[in-house]
Each structure stands twice: as structure tokens, then as C-alpha cells.
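# A structural walkthrough
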Amino acid sequence: MDDTENFSIISDPRMEANATLSVGHQEVAVKLLYSKSKVYVHPSTQAKDFIPGFLSIVENTSHDYLLAWTPESLIPSKDMEAFVQVDVNDDDAGDIHSSVMIPSIPDESKLYALSAPVNTIHSLVIKAPSFSKWYGTIIINFMDGHSSTPLWFHDDESMSTVLQKNTQGGKYTSQGGQVRWGGDEFIERLSQIIPVEKSTQEENLYILNKPPSTANQRQANVFDSTQMDPFIATLKEARWNILEKLARVTKFSKDAAINLLNSPASRPIVPLLPPGVQELCYNETVKKTIDDYDSARIYLAKWAAGLAAQSESNSSSDRKYRNVGVWGHEGWEEETALGVFEILNSESDFSIPTHTRTGCVSSAEWKSFFDHEGRLSVGQPVIRKKIFCGGLDPSIRKEAWLFLLGVYPWDSTAHERYAIEIDRKESYETLKNTWHNDADHRSTSDFQDQKHRIDKDVHRTDRTIDIYVDESMPNPDPVMNVGTNENLETLKHILCTYNVFNTDLGYVQGMSDLLSPLFAIIEDEAMAFWAFSGYMNRMKYNFYRDQSGMHRQLLTLDLLLQFMDPSLYKHFQRTDSTNLFFCFRWLLVWFKREFPWKDMLSLWEILWTDYLTDKFYLFVAMSILDQHRDILIDYLKNFDEILKYINDLSMTIPLNETLQRAEILFYQFKQRVEAVDNKREQLKHNIKAGSGTKEEMEDMKADLSKLPVINELLRELLSSSYSDGSNEKQ
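Quick caveat, the model's predicted, so the values are computed rather than measured.

Moving on, we get to the confidence of the model for the chain. Taken residue by residue, the chain gives an average pLDDT of 74. The fraction at 70 or more is 67%. Scored below 50 in pLDDT, residues 1–27 shows 51 contacts in the model against residues more than four places distant or in partner chains. Note on residues 229–235: pLDDT is under 50 here. Beyond four places in sequence and across chains, it has 17 contacts.

Following this line, the structure appears as C-alpha cells:
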């Protein structure tokens, strides 16, 4: 009998399905030298299609070796114990014998099963876990030229990992405590049996059956080179330490969290966590803030977001842009909310959009925009584009903001602006006196209620900014048991004046957040009032008491999310998060509480340009969601977790990256709308012309029905009075 026939009891796709299961009516026993559980085949990108199996090395009585991958579904229950024993304790694998009988019942996963004598294998392609691929892979290249499908090592599910609870990726080595993954365990065991040498020509390629010059060379070339990058290894080790303790709970107590974050096993990851999470790792801080981090999944989500941000910061700009927006995400199916976009993308040669971010407009550049009379000498769209692309130098904001907020007309001369300033100051004093110098008006219950509401809100607004910090002045309102200063009192006066100026709207909580930066920059009560009035002309819808304005914006964002990222939208549906309540604060005060003060000033002036669209803030919101979409989908499973995670992004969002991504998302959106419209017109024309066979006509009608209907709210996103054509595809 040929020696290789002794291995016929292990499934081999090159053998008949009804191959002999015994030799001489006796079950053939083979020795399992190595077994690794939860080594998967990924037939598609959908997790539901993944096939788990065991990767094994076996030896027969003639000391011939076979490498095999066997789906779990093809391993008889009486033999599963042997595989598990070897997986958990492979140091004693040579003492375990098993008759690994394979049933002849057809199974879809049998298509991927493999077994082959090691002397028929030419090489292995081994890729350790990395930032882009959390699981490592091995591909087997055979002497006859064909290759196996990639075998994915899901170490966090592997029996040896779960049962031993030592490391995330297998066992520790005897030297140095290096975190292992299933792939380097496998290659180390294989190299003890046959020569394995790393290729000098191809990265990640390992040649089998080629004797190295020395045994030491083999060890250095193979084992060391297949190990994970130490950074990745540390992350995976720490991830397991946390998962192991938190996998069975979604909430944990203060004491438990403190113990976890201060445990030796978790300390290696501390320097790699985002700054906000690092603070939790110091005992005193944890005691004060642990309630804000009481969910295991939120903790892990923040950690993963930090890793993703660090990885992306090291990516080239070209690669980064390719991963922005829905075209950078995997897992598309034709039957999605976007219908036939796979067809659209295959027919259209879209260039990949990029951003136009530049440096800020300097004082010298600003002055160059005006002629000797102080009139703008360049087109209004040009100056708006300049501000959109880079913002303004702080030294010119005081003047530029008055243009952007409608106080000064863009075509005015310096003399005309001087006259406007005098007139506006007089008008403001007249308005202010309607309540400030009228004791009867101030005594009405309506005014007193509004005044008290304004006073409370002002004393809670931007109190860390220098001009609002001081409280040494006695408060003129005896009801307020807190000191004040002239700048805080000025904010109150402006808001009380606006309350009588816009009687339909009056004062609503949140308006103080919009006024405070304006006064801090303009430094004049009357001009700050008119700038605030101009700002409120576009923001007043946010403060309608029936919240109709906010509802319309959230509905538009909902439609935009469905159109641009249906996978994320479906996740929000699963988690009852489609109300997008976590975006409410973003839109209400235009991200005022999400960015540090200086970044917020830049963001506002960019949004005021209305350059690409007067609703660019919705693409800023989309940009933030897009930056975190993988974390939201992979880690956060209910509305409360998503709400908390997004609220905790406050003051950690990188402005420049957010604006770059928002601009690219706008261009992608514009391209997509044009693609849908063009496709619809093309299909309608062909159907009307009756060109094509009956089957082709039916296909065209089916494609037409699959095209998404673009809501008018989405079409409004493309409107801007100030575009000079730069919103064309970049």
C-alpha cells in the first residue's frame, strides 16, 4: 500500500467523495502533532459565510507528515475531543492518537477542505495580524502550481486561547514573553518537522523542503520573521486582558474598573490609549470619572478608535482618501438602499475626490482683496473660497466676520462701512433702551422670566475663556448669588435686546453659546449684536419651540446617511438609533461643544462662507460619523452606548481631518447624485426607444426600479449662491 493512502481518511478535495474510510477493514490511526482551532475560510466578506475549521499536522506510522485543514462540520464528534486536546495542550500532542474519520455526506464546506503530504507543498505566504487586518493569514502554495484559499487565524475564538486564558494569540514563548499568534505557532511547529526558510526575494513568502545553511539560520528566518510587530502584539495582548474580564458584563462597578485599569496585565496598553482613556488609568482620576466609562464595549470602542486614528495618521494621503466615504468601505451588495450602484460604479470612471484645504488667509492677503477705496476687488466667490479652504488669521476676524455675517455688504467701500457702523450703533442703542430704560417693561413677568433665564445661561457659557473668567464685580441682579464682570453683563444686554428685537422667537437656551464667540472677537457690544442677529438669521430654525427646524435637519442627515452609507444606517436601525439624537447638539450650536475654542472659531467662519453648499455642516456631521463608522458598527450594540461614545468625542475631534473628509464626502455625494440622474435618464431613453430584446428591456426596467429616489431635501444640499464651479468633481 502506498504510504500516502494512510492519509485517505482525512478529507482531500482531489479525492472522490466516497473514498475508502478504512484499510483492511481497520480504522487507520494517525498521530496529531499540531492542531489549531478556529482557523477560518472566508468565502465572502460576510461574517455569516465564514467557515471554522482545524489546521493540523499529522504523522503516520511511517513517519510521513501531512498538512490538513478540516472544517469543524466534517469532524466526527468522537474525534473532536482529540483535536481539542491537541489544540489546548500541544506539548503532549505526540502522545495523542486519533482515528480521524471523515463522513462521506456531502457538505458545502468540503469544497474548502484540504490535506496534502508536506513534501507536495512548495511554500507558504504568511501575513501576521496588522492594523488593516486584525487576523493573520496563511496561504499554502503547492508544487503543482495551485494555492489554497487564505486560512484566517481567529485567535480570539481559538480553543487554546479561551481555555488557557494566557494570551490573546496563543501561548507565551519561553524567552522574552513575546505574544504569539496562531500563525507563528504553526510555523514554529512545522519547522521542527521539515526545513522552512524565509524567502529573500518575496516578503511574507516561506519556502518548504529547502535545507537552510544552519539550524540557527532557520530559527532566525522563520520564527522571528513571522511574529507580529511588537506594537500589534501588545495591543492584541491587552485587548484579550480586557475582553477576558469584561466579556460577560456590560456594566461594571467603580471598584472593578479601578482594579482592571490598574492591573499589571493592562498597563502595557496605557501609553497607547487615547488621552481621555489614559486618564482613567490613574487611580484618583478613575475614582472621579469612572461613571463616564462604565460600559465595557464603550471602553473597547474608544481604544479601537485610538488605534484606527494612529494607523490612519501614518497612511499616505492617497490611501487615506480612498478610505473616505462609502466607496472606501467593504461589504457592498447590489440589493442595498442604493440599488444598482455596483453597476453605476463599474460604468463610470470617477476620479477619486480630494480636498482643497490650504493655509489660512493672512492679514496681507486679506488687504490685497480690496482696492484703494476699500471695495472688494476680487469676486465674492473667490474670497469665500479662500476662507473656506483655510479659514482666517485671527488678526482679521474682527472685520471679516462682519462681512460673513451680513453686517457689511461685500461691495461696500471703507467710507460706507464707517457710516454703517455709526448707524448700527445708534439703532442698537434705540433697541436696548426699549427695555433697559423702561422700568415698567423690566417689571413684567415675561421679561423677568427671560432675563433670569439669560442670566443663568450666560454664567454657564465659556467661563474658561479669558474675558469671561473674572467674577470680582458684584452682580446687579440680587437673585444671582454669583459675581460677574463687564463682559458677562454685556452678553446679557445683547441677549435681552435680541429678545425684544425678535419678539416671535425671543431668547431660547443655546443662543448664549452662539453669541459668546462673536463678542469675544468683535469686542463691541452694538456690532456684536448685529453680527449675532445675522448669525441668527440662519440659525433661528434651530430654536423653534416645536423643534421643526431641528427635525428637518435631522431628517436631511438621516436621508444623507441612507444615501451615502447604508451599512452604517442599517446598524443604526438595529440599535434603535435612527433618530440621530446624538447629532442634535452638533447641529443645534454648530459643533460649539465638540471642538476646542480656536478650532471652533475656524469651523464657524468656514461654514459661514456657504461656498460649496449652505448646509456644509451636515457633511461635517457625516465626516465625524464616517471617521468612527467601523467602531460604531463593530463595538457598539445599543443606542445608549452609541450616544455615550459620540458625546465623549467632544474636544477630541481633529478639525483639519474632519474638514478634509467632509469636503471629499460632498464631492462624492455630488458625483453620486449625478450618476443616479444620468443613469435614470439613460434607462428611460432606452426603454422609450424600445432598443433591445425583451429580456434586455426587462433588465433595464428592473435596473430603473432599483435606482434610489433622491429626496428634494438631498438636492437642496447642492445649492449655493457662491459657487464658482469649484464644487465640480475634484
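Moving on to the environment of Lys432. Along the chain, Lys432 falls in helix α15 (residues 414–436). Residue Lys432 is classed as buried on the basis of its relative accessible area of 10%. Considered as a pair, Lys432 and Cys496 are 64 residues apart in the sequence and their alpha carbons are 7.9 Å apart. Those residues in contact with Lys432 that lie beyond four places of it in its chain are His493, Thr497 and Glu525. One polar contact links Lys432 to Glu525, side chain to side chain, over a distance of 3.0 Å.

What follows concerns the packing of helix α28 (residues 655–689) against helix α29 (residues 694–706). In the contact formed by α28 and α29, the axes pass within 10 Å of each other and the chain directions differ by 150°. Of the possible angle classes, the one that applies to α28 and α29 is roughly antiparallel. Here α28 and α29 pass one another in a crossing that is left-handed. Contact with α28, carried on its side by Arg680, Leu683, Lys684, Asn686 and Ile687, involves Met697, Met700, Lys701, Asp703 and Leu704 of α29 and no other residues of that element.

Let us now look at the side chain of Thr556. Mapping Thr556 onto the fold places it in helix α22 (residues 548–564). Those residues in contact with Thr556 that sit more than four places away from it in its chain are Leu618, Leu713, Leu714 and Leu717.

The backbone of Glu523 sits at a positive phi, close to 60°, despite the residue not being glycine. With respect to the element layout, Glu523 can be found in the loop between α20 (511–522) and α21 (525–539). Classification of Glu523 by relative accessible area gives exposed; the value is 57%. Even without a glycine there, the phi angle at Trp590 is positive, about 50°. Looking at the secondary structure, you find Trp590 in the loop between α24 (584–588) and α25 (597–608). Accessibility expressed as a relative area gives 3% for Trp590, which makes it buried.

With that out of the way, let us pick up the packing of helix α19 (residues 486–501) against α20. Relative to each other, α19 and α20 sit at 125°, their axes nearing to 10 Å. Here α19 lies oblique to α20, going by the angle between them. Along this stretch, α19 crosses α20, giving a crossing that reads as right-handed. Contacts between α19 and α20 pair Asn487, Thr490, Leu491, Ile494, Leu495 and Tyr498 from the former with Met511, Ser512, Leu515, Ser516 and Phe519 from the latter.

What follows is about the nonpolar core. If you look at the biggest cluster of nonpolar residues, it comprises 123 residues, and the most contacted ones within it are Trp366, Met511, Leu560, Phe582 and Phe616. Residue contributions to this core peak at 13 residues, all from helix α26 (residues 616–635). Sequence-distant contacts of Phe582, defined by excluding residues within four places in its chain, comprise Phe572, Ser577, Leu625, Phe639, Ile642, Leu643, Ile646 and Asn647. Listed in part, the 28 residues of the second largest apolar core include Ile51, Ile138, Ile194 and Tyr206.

Think of it this way: side chains of opposite charge can pair up when their charged atoms draw near. For the structure shown, the criterion picks out 27 salt bridges. For the salt bridge of Lys386 with Glu365, the shortest nitrogen-to-oxygen distance reads 3.3 Å. Placement of Lys386 in helix α13 (residues 380–390) and of Glu365 in helix α12 (residues 363–368) is noted, with a sequence separation of 21 residues between them. Measuring nitrogen to oxygen at the nearest pair gives 2.9 Å for the salt bridge that ties Arg715 to Asp677. Taken together, the residues span a long stretch of sequence, with Arg715 in helix α30 (residues 712–715) and Asp677 in helix α28 at a distance of 38 residues. Residue Asp677 is classed as partly exposed on the basis of its relative accessible area of 24%. In this structure, a network of salt bridges that share partners links the residues Asp462, Asp513, Lys592 and Arg593.

This paragraph deals with the packing of aromatic side chains. Under the criterion given, the structure shown has 33 aromatic pairs. Their ring planes at 35° and their centres at 6.0 Å tell us that Trp586 and Phe591 sit as a pair that is tilted. No difference in accessibility class separates Trp586 from Phe591, as the two residues are buried. The interplanar angle of 80° and the centroid separation of 5.3 Å between the aromatic rings of Phe619 and Phe666 together place this pair among those described as edge-to-face. Here Phe666 lies in helix α28 and Phe619 lies in helix α26, a separation of 47 residues in the sequence. Side by side, Phe619 and Phe666 carry an identical accessibility label, which is buried. Put simply, the rings of Phe388, Phe563, Tyr611, Phe616, Phe619, Phe666, Tyr667 and Phe669 touch in pairs and so form one group of aromatic residues. In this structure, Arg424 is placed above the aromatic ring of Trp530, and the distance from its NZ or CZ to the ring centre is 5.0 Å.

The rules we used
- Residues numbered from 1 in each chain as written.
- Predicted model: local features only at pLDDT ≥ 70, side-chain atom pairs only at ≥ 80, totals over all residues.
- Heavy atoms only, no water.
- pLDDT = per-residue confidence, 0-100.
- Contact = heavy atoms within 4.5 Å.
- Helix = DSSP H or I, 4+ residues; strand = E, 2+ residues; numbered from the N terminus.
- Buried < 20%, exposed > 50% of the residue type's maximum accessible area, 1.4 Å probe, protein only.
- Polar contact = N/O pair within 3.5 Å; in protein donor to acceptor, adjacent residues only side chain to side chain.
- Axes fitted to C-alpha atoms, helices over the stretch in contact; angles between N-to-C directions.
- Parallel < 35°, antiparallel > 145°, perpendicular 65-115°, else oblique.
- Left-handed = near helix turned anticlockwise from the far one by under 90°.
- Core = buried A, V, L, I, M, F, W, Y, C linked by side-chain atoms within 4.5 Å.
- Salt bridge = Lys/Arg side-chain N within 4 Å of Asp/Glu carboxyl O.
- Phe/Tyr/Trp six-rings, centres within 6.5 Å; stacked < 30°, edge-to-face > 60°.
- Lys NZ or Arg CZ within 6 Å of the ring centre and 35° of its normal.

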